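Coordinates in review
Residue-level listing of the chains:
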Amino acid sequence: MAKKYYITTPIYYPSGNWHIGHCYTTVICDALARFHKMKGEEVFFLTGTDEHGQKVEKEAAKRGITPRAFIDPLVAELKDMWRLLDVEYDRFLRTTDPDHVACVQHIYQKLYESGDIYKAEYEGYYCTPCEAFWTETQLKEGKCPDCGREVTLQKEESYFFRLSKYAPRLLRLYEEKPDFLRPRSRVNEMVNNFLKAGLSDLSVSRTTVKWGIPLPFDPKHTAYVWIDALSNYVSALGYGTKDDSLYRKFYPADLHMVGKEIVRFHAIIWPAILMALGEPLPEHIYGHGWLLIGGEKLSKSKENARPELTDPYALVKRYGADAVRYYLLREIPFGSDGEYTTERFLLRINADLSNDLGNLVSRTQAMIVQNFGALPPRGAEEGPDGDLIAMCEGLYARVDAAMGALNAPDALAEIFAVIDRANKYIDETTPWLLAKDPQKRARLGAVLYNLAEAVRICCELLRPFLPAATEKILKSFGCTAPTEPVFGVSKEGTPVEKLPPVFPRIDVKKELLEVEALCKNAQKAVPAPEKSTPAPQNAPEKKPEIAFEDFQKLELKVGEVVACEKVKKSEKLLHETVKIGDALRSVVSGIAKYYTPEEMVGKKVVVVTNLKPVKLCGVLSEGMILCAEDGEGNLSLVSPERLVASGATVR
Ligand code: MSP
């Protein structure tokens, strides 16, 4: 029977304004889930949204809408973000899902009947944004110790969970199972700061919050949001229902991955609840670090989350999902905090993906296509072959060990060490010289076979991290289904195709200037403070001066539109097929308001042909058609004044 693997992310507050820090937990879990699937394990990967509580109730009331109407679009956005980032979960649980609500009620009922929940009066300091109660001694200078914001003193009748009763068992747990919580530093924090100081019973119901799950034995009380939220890890599998087959199959969780600020809830409260229910504890909890900006947690409430720099949608649109995933998985030392800067992001993508991986793939493909047309036979080993092959052979075990330790950066470092070795192997074996000597054709074939195998094995092991790019690369080497990451399984004659660069090189300096300009423009769009002089209407946008060499980087060509249609699901976009010289290109442009598809066909247009291809509404765009914009935002195509052939250069 296949081994099971149950992995969870925290469920997200439906707050909107998502930033790249939010993506961290879920992207790591997705890579782990994919890796375990690749190993043939039966995986259940859970994520979702944490929808109840005072914060949502207040936000909805402010807008005069129901909590549900407030949340639904935010949940849709979050799901969209996971889709964009290629996150493949098995269930997206919403705490408003009826099965979750029933399960939470079942848990409360059971704990009430066993005497672990009792009624008393609560007095405490409540932090609404954190949905957390604090005692006076826990406050930092009278403010919330987690986020530093104002707290309010609240007194109400409440049900309590006997958390204090479980402190000795929790202490024993940390002694007996040192890897229950990782990294180790978090165990010390839990044991020294909380458990050793003794635990107070926990208030687990509210009468003041209406947007919550009513307690079955006293419906004027609603469930405390953290108990509601934590229960998602078992409700998602049908715990306490007639059909609990998923629960029996997958629970206990193999891993609850959480950010470090919510370790306390997962490493103390959740195990205590499970102990009280008589259910098994999760195997592991991991408390990862934060993405920081300027040394502070990247957070929309701290306003250091700038959409132009940190919005996952903008980043994926500009650089692709794999680049964002790669950065998160490789750059942040696992378990620690990591500073996020656009420059570091761009440099990392260029160095590893465009240069190391991209060059290896394109050089290998080009030489195979040029010299053999398909995969040549595996030849006798000589020179540096043994070293490369040995590195490839042991790679799976090394990646597996790193992923077993939940260390994605190390796993990626192992794979990129082989990619580096393979690039060095090209320099050592000089296949371009072998190609000139017909006597050395067999050796050339052997070298290229070895390179193709190195690429294949690295890409197979990179699948969980870079799902889209590896799929493309592996297909171009004739691998239409996953293959064993073992050296020598590829067959001679397997078709090989030359791909355009999978990760086109980014001009970092230029890109940083562009991003900076985007930020400035966004700042301009923010309403001006009262006293400032209003900006003149339609003032021409002034861009920074550029050198002639910068302009020369643009490739502009005359093209002829040979076909055009509307892009489905879009009001603004047209999809043109443009003939440039002898080649056809797919281009998407936002001109549907100004031209009909019929009007476009036959038009001579100017196209920027070296723009990084992107997908717009799912349609590939390999260039940009230039338009002039009048002061009112209307667009008019730019065309050569005299008759020139398509393919002519514009300069
Ligand atoms: N709803 C609770 C979790 C309940 S789980 C039973 C919650 N939600 S959250 O939306 O605030 O956070 C979701 C995840 O995003 C958490 O793991 C959190 O640590 C993570 N991150 C939010 N900002 C982050 C960074 N700047 N860096 C890394 N991860 C961060 O907490």
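1. Quick look at the sheet that holds strand β16 (residues 338–339)
With mixed pairing, the three strands of this open sheet are ordered in space as β15-β14-β16. Looking along the sheet, the strands with just one partner apiece sit at the ends: β15 (296–297) and β16. One ladder, built from two bridges, connects strand β14 (residues 291–293) with β15; its direction is antiparallel. Across the sheet, Ile293 pairs through a bridge with Glu296, a residue of β15.

2. A few points about the pairing of strand β2 (residues 42–49)
When a strand is regular, its side chains alternate between the sheet's two faces. Within β2, seven of the eight residues are buried, which leaves the element mostly enclosed by the surrounding structure. As defined by bridge partners, strand β1 (residues 4–8) adjoins β2 across five bridges and the pair is classed as parallel. Pairing of Tyr6 across the sheet is with Phe44, part of β2. Following the chain from β1 across helix α1 (residues 20–38) to the adjacent parallel β2, one finds a crossover that is right-handed. When β2 meets strand β3 (residues 91–94), the two strands line up parallel, connected through four bridges. Its bridge partner being in β3, Thr49 is matched across the sheet by Arg94.

3. What about the side chain of His266?
Examined against the element boundaries, His266 turns out to sit in helix α10 (residues 263–277). Judged by relative accessible area, His266 falls into the buried class, the value being 1%. In this structure the side chain of His266 is engaged in a polar contact, spanning 2.6 Å, whose partner is the side chain of Tyr233. When neighbours within four sequence positions are excluded, His266 is seen to be in contact with Trp226, Leu230, Tyr233, Val258, Pro271 and Ile285.

4. Quick word on helix α6 (residues 184–195)
Taking 1.5 Å per residue as the helical rise, α6 with its 12 residues ought to reach 16 Å, and the 15 Å between its terminal C-alpha atoms agrees with that figure. Considered for burial, the residues of α6 that qualify are Arg186, Val187, Met190, Val191 and Leu195. Down the axis of α6, the buried set is contained in an arc of 130°. They therefore lie on one face. If you follow the buried residues of α6, they end up packed against α5 (167–176), β7 (181–182), α10 and β13 (285–288).

5. Here we look at the pairing of strand β18 (residues 574–580)
In terms of burial, β18 is a largely internal element, five of the seven residues being buried. In the sheet, β18 pairs with strand β19 (residues 583–589) via seven bridges, with the strands oriented antiparallel. Of the residues in β19, the one forming a bridge with Thr577 is Ser586.

6. Focus: the confidence of the model for the chain
When pLDDT is averaged across the chain, the result is 91; 95% of the residues are at 70 or more. Throughout residues 526–541 the model reports pLDDT below 50, and contacts reaching past four residues in sequence, or to other chains, amount to three contacts.

7. Description of the side chain of Glu453
With respect to the element layout, Glu453 can be found in helix α19 (residues 441–462). At 2.7 Å, the side chain of Glu453 and the backbone nitrogen of Gly488 are in polar contact. With sequence-adjacent residues up to four places away left out, Glu453 is seen in contact with Val486, Phe487, Gly488, Val489 and Ser490.

8. Details of the packing of α5 against α10
α10 packs onto α5 with a crossing angle of 110° between their chain directions and a minimal axis gap of 10 Å. Regarding the angle of α5 to α10, the classification is roughly perpendicular. Our pair here, α5 against α10, has a crossing hand that is right-handed. Listed contacts from α10 to Arg169, Leu170 and Tyr174 of α5 are Ala267, Ile268, Pro271, Ala272 and Met275.

9. Here we look at a nonpolar patch on the surface
Taken together, the side chains of Ile546, Phe548, Phe551 and Leu554 make up a nonpolar region of the molecular surface, amounting to roughly 400 Å² of accessible area. One can find Phe551 in helix α22 (residues 548–552). The class of Phe551 is partly exposed, set by a relative accessible area of 33%.

10. With respect to the site of the ligand
The full set close to the ligand counts 24 residues, and Ile11, Asp50, Glu261, Leu291 and Leu298 are the nearest of them. Interatomic distance of 3.1 Å between a backbone N/O atom of Tyr13 and an oxygen atom of the ligand. Leu298 has a polar backbone atom sitting 2.9 Å from a nitrogen atom of the ligand. Within the complex, the protein chains bury 95% of what would otherwise be the 670 Å² of accessible surface of the ligand. Among the elements that line the shell around the ligand, the one with the most residues is α1, at four residues.

Rules and cut-offs
Going along each chain's sequence as written, the residues are numbered from 1 onward. The predicted origin of the model limits local features to residues at a pLDDT of at least 70 and limits the giving and counting of side-chain atom pairs to 80 or more, whereas totals for whole chains, interfaces and linings rest on all residues. Computation of side-chain values covers all heavy atoms of the structure but excludes hydrogens and water. Two strands pair if DSSP finds at least two bridges between them. We count a stretch as a helix when DSSP gives it H or I for four or more residues in a row; a strand needs E for two or more, and each element gets its number in order from the N terminus. Classification of residues uses two cut-offs on accessible area relative to the type maximum, computed with a 1.4 Å probe and protein chains only: under 20% is buried, over 50% is exposed, and between them is partly exposed. Handedness of a crossover is defined as follows: with both strands directed away from the viewer, a clockwise route from the first strand across the helix to the second makes it right-handed. Polar contact is the term for a pair of N or O atoms within 3.5 Å; when the atoms are in protein, one must be able to donate a hydrogen and the other to accept it, and sequence-neighboring residues count only if both atoms are side-chain atoms. Note on contacts: a residue pair is in contact if any heavy atoms of the two residues lie within 4.5 Å. The span one expects for a helix is its residue count, reduced by one, times 1.5 Å. Taken from the helix axis, the directions to the C-beta atoms give the arc we talk about. On a range of 0 to 100, pLDDT expresses the predictor's confidence in each residue. Angles run from 0 to 180 degrees between N-to-C directions of axes, and those axes are lines fitted to C-alpha atoms, restricted for helices to the stretch in contact. Orientation is classified from the angle alone, with under 35 degrees giving roughly parallel, over 145 giving roughly antiparallel, 65 to 115 giving roughly perpendicular, and any other angle giving oblique. The crossing is said to be left-handed when, going from far helix to near helix, the turn is anticlockwise and less than a right angle, and right-handed when the turn is clockwise. Here the term patch refers to residues with relative accessible area over 30% and no salt bridge, with like charges joined within 9 Å and nonpolar side chains (Val, Leu, Ile, Met, Phe, Trp, Tyr) within 5 Å. Accessible surface is estimated by sampling points in the Shrake-Rupley manner with a 1.4 Å probe; for residues, cover comes only from the protein chains shown. Salt bridge, as used here: a side-chain nitrogen of Lys or Arg that lies within 4 Å of a carboxyl oxygen of Asp or Glu. Near residues are defined by distance, with any heavy atom within 4 Å of the molecule or strand qualifying the residue.

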